[in-house]
Amino acid sequence: MIKGIIFDYGGTIDSRGVYWSWIIWDGYREAGVNVTLEQFREAYVFAECELARVRHVLPNDNFLDLLNKKMNIEFARLVEQGHTDCIEQAERVAHYCYNRARECVEEARPVLEALSAKYPMMLVSNFYGNIDSVLRDFDLRKYFKGIIESSVVGIRKPNPTLFKLGIDALEMEAHEVMVVGDSLKKDIFPSEKLGCHTRWIKARGWTDDEQTTTRPGIISSLEELMSL
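Quick notes on the rules
Within each chain, residue numbers correspond to sequence positions counted from 1 in written order. At least 70 in pLDDT is required for a residue's local features to be given in this predicted model, at least 80 for side-chain atom pairs to be given and counted, and no such filter applies to totals for whole chains, interfaces and linings, which use all residues. Values shown for side chains rest on all heavy atoms present in the structure; no hydrogens or waters enter the calculation. For every residue, the accessible area (1.4 Å probe, protein chains only) is compared with the maximum for its type, and the residue is labelled buried under 20%, exposed over 50%, or partly exposed between those bounds. Secondary structure is summarised from DSSP: a helix means a run of H or I of at least four residues, a strand means a run of E of at least two, and numbering begins at the N terminus for each. Two strands qualify as a pair provided that DSSP identifies no fewer than 2 bridges between them. For this analysis, a polar contact is any N or O atom pair within 3.5 Å, provided that within protein one partner can donate a hydrogen and the other can accept it, and provided that sequence-adjacent residues contribute only side-chain to side-chain pairs. Two residues qualify as a contact provided that any one of their heavy atoms is within 4.5 Å of a heavy atom in the partner residue. For Phe, Tyr and Trp, rings pair up if their centres lie within 6.5 Å, where Trp contributes its six-membered ring, and each pair is then called stacked (planes under 30 degrees apart), edge-to-face (over 60) or tilted (otherwise). Criterion for a charge above a ring: Arg CZ or Lys NZ at most 6 Å from the ring centre, at most 35 degrees from the ring normal.

### Thoughts on the pairing of strand 4 (residues 177–181)
- Most of strand 4 is tucked away, with five of its five residues classed as buried.
- Burial along strand 4 is two-sided: the residues Val177, Val179 and Gly181 and Met178 and Val180 are all buried.
- Across four bridges, the pairing between strand 1 (residues 4–7) and strand 4 is parallel. Each residue of the ladder has a partner; that of Ile5, found in strand 4, is Met178.

Take a look at the structure:
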């Protein structure tokens with residue numbers, strides 16, 4: 001019997017289960033950035049490592065602020081590697097991605113509103129230290145009892161401890177909690193290890209192995225959670 005829900009954020013609520021690199025890649029193409037997918041992927045990974053290593057993102061940054069900083073790092077890397085000289089396109093890509101996120105958030109809102117009226121909910125996320133500001137900018141914070149954020153607690157998925165903190169915050173047992181996430185390895189496996197129920201919102205992942213994986217508990221949209 002489900003008594004509480006834990007949601008992942010990035011990729012789950014703000015992109016319909018699509019891994020965020022693909023949305024950014026769509027932004028590159030929409031902006032006419034002339035780089036290959038391989039060149040983009042290297043810059044994407046470089047920026048993620050840089051954001052983890054140096055605190056570029058501040059607690060009060062909303063998602064557009066974050067995207068502008070991330071795109072500036074990616075484009076600086078591409079310029080450094082000699083792949084492009086159009087660094088001014090970074091802002092255009094950031095705005096494209098922000099608008100895509102807002103569309104997905106508005107689509108998810110009725111589901112979050114309905115579920116939060118029935119269940120206490122927690123957000124458990126690998127993020128940059130500003131997830132509270134991101135949620136408030138999108139007017140989502142009111143749906144969650146609390147937030148467990150990797151950069152704040154010093155633990156990252158797929159460590160199950162991050163989800164255990166969410167379960168404890170709900171004051172429930174693991175078997176009473178449903179975890180909803182977009183990553184099989186970072187969300188579904190670690191929460192199942194604790195004994196949680198799971199729903200995997202599966203669209204386009206980062207790797208081919210997740211693309212071809214099938215298993216129970218897959219959903220194609222958050223709307224399928226309305227039957228809980």
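### Section: the side chain of Ser191
- In this structure, Ser191 sits in helix 8 (residues 184–194).
- Here the side chain of Ser191 touches Asp187 through a polar contact of 2.5 Å, landing on its backbone oxygen.
- Discounting residues that sit within four places of it in the chain, Ser191 has contacts with Phe163, Val179, Cys196 and Thr198.

### What about unusual backbone geometry?
- Residue Pro158 is bonded to the preceding Lys157 through a cis peptide linkage, with omega at 15°.
- Inspection of the secondary structure assignment puts Pro158 in the loop between helix 6 (150–153) and helix 7 (160–170).
- Positioned with a positive phi, Arg16 is a non-glycine residue whose angle comes to about 60°.
- Along the chain, the position of Arg16 falls in the loop between strand 1 and helix 1 (20–30).
- The backbone of Asp139 sits at a positive phi, close to 60°, despite the residue not being glycine.

### Description of the packing of aromatic side chains
- Following the criterion strictly, the structure yields 12 aromatic pairs and no others.
- Ring centres of Phe40 and Tyr44 lie 5.9 Å apart, and the angle between their planes is 50°; this geometry places the pair in the tilted category. Of this pair, Phe40 and Tyr44 are both found in helix 2 (residues 37–53), four residues apart, which corresponds to roughly one turn of the helix.
- Every member of this aromatic cluster is reached through a ring pair, and the members are Tyr19, Trp25, Tyr28, Phe40, Tyr44 and Phe75.
- Residue placement shows Lys70 over the ring face of Tyr44; its charged tip is 4.2 Å from the ring centre.
- Over the ring of Trp22 we find Arg204; its NZ or CZ atom is 3.5 Å from the centre of that ring.

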